[in-house]
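Listed here are the chains, written in short residue letters.
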Number of protein chains: 2
Amino acid sequence: MPRKNAFYAQSGGVTAVINASACGVLETARKHKDKIGKVYAGRNGIIGALTEDLIDTGKESAKAIAALRHTPAGAFGSCRFKLKGLEQSRAEYERLIEVFKAHNIGYFFYNGGGDSADTCLKVSQLSEKLGYPLQAIHVPKTVDNDLPITDTCPGFGSVAKYIAISTREASFDVASMCKTSTKVFVVEVMGRHAGWIAAAGGLASSKDCEIPIVILFPEVAFDKTKFLARVDTLVKKFGYCSVVVSEGVKGSDGNFLSDQGLRDAFGHAQLGGVAPVVANIIKEGLGLKYHWAVADYLQRAARHIASRTDVAQAYAMGKAAVEYALKGHNAVMPTVVRVSSKPYKWKVGMAQLAKVANVEKMMPKDFISPDGFGITDKCRVYLEPLISGEDYPPYKNGLPQYVRLKNAAVPKKLKPFQLQK
Amino acid sequence: MPRKNAFYAQSGGVTAVINASACGVLETARKHKDKIGKVYAGRNGIIGALTEDLIDTGKESAKAIAALRHTPAGAFGSCRFKLKGLEQSRAEYERLIEVFKAHNIGYFFYNGGGDSADTCLKVSQLSEKLGYPLQAIHVPKTVDNDLPITDTCPGFGSVAKYIAISTREASFDVASMCKTSTKVFVVEVMGRHAGWIAAAGGLASSKDCEIPIVILFPEVAFDKTKFLARVDTLVKKFGYCSVVVSEGVKGSDGNFLSDQGLRDAFGHAQLGGVAPVVANIIKEGLGLKYHWAVADYLQRAARHIASRTDVAQAYAMGKAAVEYALKGHNAVMPTVVRVSSKPYKWKVGMAQLAKVANVEKMMPKDFISPDGFGITDKCRVYLEPLISGEDYPPYKNGLPQYVRLKNAAVPKKLKPFQLQK
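Quantities reported herein were computed from a predicted structural model and do not represent experimental measurements.

Draft legend 1. Quick peek at the overall build of chain A. A tally of helices and strands in chain A yields 13 helices and 13 strands. Over its C-alpha atoms chain A spans a radius of gyration of 23 Å, differing by no more than 12% from the 22 Å that the globule rule assigns to 421 residues. Each of the three principal axes of chain A carries a C-alpha extent, and together these read 70 × 50 × 45 Å. Residue burial in chain A is summarised as follows: out of 421 residues, 61% are buried. Taking the intrachain contacts of chain A between residues at least 6 apart in sequence as the baseline, contacts between residues at least 24 apart amount to 76%.

Draft legend 2. Summary view of the interface of chain A and chain B. Facing the 70 residues of chain A at the interface are 70 residues of chain B. Elements that contribute at least two residues to the side of chain A that touches chain B include exactly α6 (156-177), α9 (274-286), β9 (290-294), α10 (296-301) and β13 (399-400) of chain A. In terms of residue class, the side of chain A that touches chain B is built from 34 nonpolar, 22 polar and 14 charged.

Draft legend 3. Broad picture of the pairing of strand β1 (residues 4-10) of chain B. Residue and element names in this part refer to chain B. The buried fraction of β1 amounts to seven of the seven residues, a majority that puts the element mostly inside the structure. Relative to strand β2 (residues 36-42), β1 runs parallel, the two sharing four bridges. For Lys4, the partnering residue across the bridge sits in β2 and is Ile36. Crossover connection from β1 via helix α1 (residues 18-30) to parallel β2: handedness right-handed. Judged from the six bridges that link them, β1 and strand β4 (residues 105-112) form a sheet pairing that is parallel. Bridging across to β4, Phe7 finds its partner in Phe108.

Draft legend 4. Structural detail: the relation of the copies chain A and chain B. After a rotation of 180 degrees and a shift along the axis of 0.0 Å, chain A superposes on chain B with an RMSD of 0.0 Å. The relationship between the two copies is best expressed as a two-fold rotation axis. The rotation axis passes nearest to the C-alpha of Val294 of chain A in chain A, at a distance of 2.4 Å. Both copies share a contact surface, since 100% of the interface residues of chain A are interface residues in chain B too.

Draft legend 5. Up close: the packing of helix α4 (residues 90-102) of chain A against helix α5 (residues 114-129) of chain A. Residues and elements named next belong to chain A. At their nearest, the axes of α4 and α5 sit 10 Å apart, and the two run at 70 degrees to each other. Relative to α5, α4 is oriented roughly perpendicular. Contacts between α4 and α5 pair Tyr93, Leu96 and Ile97 from the former with Lys122, Val123, Leu126 and Ser127 from the latter. Among the residues forming the contact of α4 with α5, the class breakdown is five nonpolar, one polar and one charged.

Draft legend 6. Examining the domain arrangement of chain A more closely. Residues and elements named next belong to chain A. We note that the domain assignment places domain 1 (4-143 + 303-358 + 389-400) and domain 2 (156-300) within chain A. The C-alpha-based centres of domain 1 and domain 2 are spaced at 34 Å. At the junction of the two partners, domain 1 supplies 11 residues and domain 2 supplies 10 residues. Of the residues belonging to the side of domain 1 that touches domain 2, the class tally is five nonpolar, five polar and one charged.

Draft legend 7. Inspection of unusual backbone geometry at higher detail. Residues and elements named next belong to chain A. Cis geometry is found at the peptide bond from Lys342 to Pro343, where omega equals 0 degrees. Structurally, the position occupied by Pro343 is in the loop between β10 (332-340) and β11 (345-352). For Ile149, which is not glycine, the phi dihedral falls at a positive 70 degrees. On the secondary structure map, Ile149 appears in the loop between β5 (135-140) and α6. For Ile149, a count of 17 C-beta atoms within 10 Å puts it in the partly exposed group.

Draft legend 8. Focus on helix α11 (residues 308-326) of chain B. All names here are of chain B. Over its 19 residues, α11 extends 27 Å from the first C-alpha to the last, a length consistent with the 27 Å expected when each residue adds 1.5 Å. Counting buried positions along α11 yields 14 of 19 residues, so the element is predominantly enclosed. Taken from the residues just after α11, Gly328 is the one with a positive phi, measuring 95 degrees.

Draft legend 9. Here's a closer look at the confidence of the model for chain A. Per-residue pLDDT for chain A has a mean of 94; in total, 96% of the residues score no lower than 70. Interface confidence in the predicted complex, given as ipTM, is 0.97; pTM for the same model is 0.97.

Draft legend 10. Representation of helix α5 (residues 114-129) of chain B. Residue and element names in this part refer to chain B. Compared with an ideal rise of 1.5 Å per residue, which puts 16 residues at 22 Å, α5 spans 23 Å between its outermost C-alpha atoms and is within 8% of the ideal. Taken together, the buried residues of α5 touch α2 (46-50), α4 (90-102), β4, β5 (135-140), β10 (332-340) and α12 (353-356). In the segment just after α5, Gly131 is the residue with positive phi, at about 70 degrees.

The rules behind each value
Residue numbering note: each chain is counted from 1, following its sequence as written. Note on labels: chains are lettered from A, ligands numbered from 1, in written order. Residue-level local features of this predicted model are given only where pLDDT is at least 70; pairs of side-chain atoms are given and counted only at 80 or more, and the full residue set underlies all totals for whole chains, interfaces and linings. Strands here are runs of E lasting at least two residues and helices are runs of H or I lasting at least four, both read from the DSSP assignment and numbered beginning at the N terminus. For the radius of gyration, the atom set is restricted to C-alpha positions; the globular benchmark scales as 2.2 Å times the number of residues to the power 0.38. Residue burial here comes from a neighbour count, namely the number of other C-beta atoms, placed from the backbone, that lie within 10 Å of the residue's own C-beta, with 20 or more meaning buried, 12 or fewer meaning exposed, and in between meaning partly exposed. Contact between two residues is assigned when their C-beta atoms, built from the backbone, lie within 7 Å. Each residue is assigned to one class: nonpolar for Ala, Val, Leu, Ile, Met, Phe, Trp, Tyr, Cys and Pro, charged for Asp, Glu, Lys and Arg, and polar for all the others, Gly among them. When DSSP finds two or more bridges between two strands, those strands count as paired. If you view a crossover with the strands going away from you and the path from the first strand over the helix to the second runs clockwise, you call it right-handed. Fitting of the copies onto one another was done by least squares over C-alpha atoms, counting residues only where both copies have pLDDT of at least 70. Lines fitted to the C-alpha atoms define the axes, with helices restricted to the stretch that makes contact. Angles between their N-to-C directions range from 0 to 180 degrees. For classification, angles of less than 35 degrees are called roughly parallel, those exceeding 145 degrees roughly antiparallel, those between 65 and 115 degrees roughly perpendicular, and all remaining angles oblique. Delimitation of the domains relies on an automatic or database domain assignment. Each residue after the first adds 1.5 Å to the expected span of a helix. On a range of 0 to 100, pLDDT expresses the predictor's confidence in each residue.

As structure tokens, then:
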């Protein structure tokens, strides 16, 4: 097998551990210099490939690459740029092949979620059609945990850990204030389509540390009467409760609960979150004092409290992607295979990209409790190992030492390419 | 000195380290059983004393007491219940003395902020007037960092660390997304009167890790034009920026910026935070894509990333309170005295409560940069040591193991007392 260069890019919303996957790709590639020459990263994801804006990762020290393992977000820049089908976006796909040819790239590692898996698959197909040999391997990543086949998606475990811990901590807070002050704490979490992250809020309560929690899943239509009754019951029993609400919760009319048509005093439309909406429902319906938080990026960037399991799996996915490429695989994605839950054992598997692209894994129905407001034991057994273990970054002067790479540009060889949109 | 019992209570908003102060009080008292008999805690703060709802901390194991050091929030319950002046609330003050007499309490340890310091002072004065010997010692606590004399207030350093880290992490996130997506990230932090916590957001940027941050302090009237110009400049230079906004920011009209008279589609008034308001101003003024977060209780409950310095000081304040009591002091508060900043050295001092009560320590003007959007080097020198060091709690199954006490009630000896309000 002649020595080829590799291309690596990060795609879509970043996570606390996507750089750990990058670290796995780069460290493993460096061990196989006989087969993989340079590893070029796309600056700002696939846009870097289209515009021939490549980063020479070879300019980074081994120490800097190792530090990616404990650095959140996308070290090379990510992007939200969806390539359409081969027919509509043929110019883009052909441009990719043109850039790969120009830089002798034979390996395409694409680190992203469902949309990216689809792009990766199309790239592999086009390379076959155009007769340019390219191995396209997808590296799974998404806090949404909605990729099929793989037991979990790198990025999710760390968000889940952050939400479970934060919900437990804030619940301790409200429990100590509830006698005279706040009785309900509402926290809004990510997850527009699937309630995986919201479910993680349920882990805050455990057998040895019971906490009254109401979860609002995007899978369950919001029922105001039932919700208020549940909150009322819990506050009467415990003196307080916490509500974990997914940003994607919809009413029975199918509209997002966050979309309340808010207007300011001047009549301007205002974009609010769903947490204040839920808090307001509680205030109006039960007259209880509340506090609310919106975790937003804090949750997916929280490398300081990443799950050790998640970090290890993110790294393993990157490493396996390179190993699969070296074994000649194409159009595949490494997966996490659960061997057992108690004790938790996992290994690396492989999925065909054709079976991954455009398939969304939703929460199984038996993961949500019959009343729609909590998680079942089955869900708990699934989630618990994913938040297991801590993996603290190094600190200096009280702050985590996250690495910033040099991101040196590779000299361009081609004419500029105009991006659509 | 005859052996007396002690009373300890937590007051006002809780913090990540108020239990560390409780730990300091209880462990130190247990070492002096010849002088301090039982330590009773007020269930839900001073309300526990007024209603004779006392907790016998002697029923807790040494292990449970030690675990308070790493447990956030108020283990005995706190309350928002302000005793007024001696004239208006005389019945309450006399009731306190009655309860203390009934339970042979000679030491009053009150763990709170400015209002509580005032209560503590009044209790000490009344005990003199009523001829009941009682030593009242205040244990400082407040995330707001606004108590005078003491260099800092336990609770603040940990919130500051959380905000500095979270701002750094979210900034890494937005930096990697900004090419095609989010360009401005807005995070709302606590601090209705003073901008200490907002200032901590400035620590996210350091010499070895520059991050474009705009801080909106409650001390600086919001100037929309200047603000938009600043954000615009930073986004043009860096591609993105982060905004740390204090909940207490006011417009030039003196009204809270968060108070936008929001109404939903049905005309109902809605309570929103200031983060979405600022985000909306950016969207309308600059057309930039944004994300926003509201940290709320997550910040002050975040024991998982508490400052080691803060934990040590919180414990030291509790310990010193008992030691001062044993030395015969009354109406005093232990303080943190800064000996030097580089290297950071501190010792425990003492303040007269009369000089603490009703005095609010604001941010010095020279801590805020001339443009009003950042912190000065002087502020940085002050803040940096306070977030220094980590003090991780123990974990089990991926979650921090915070202790819950038995909180066994002490048998009542008096008739019930009706709380006012």
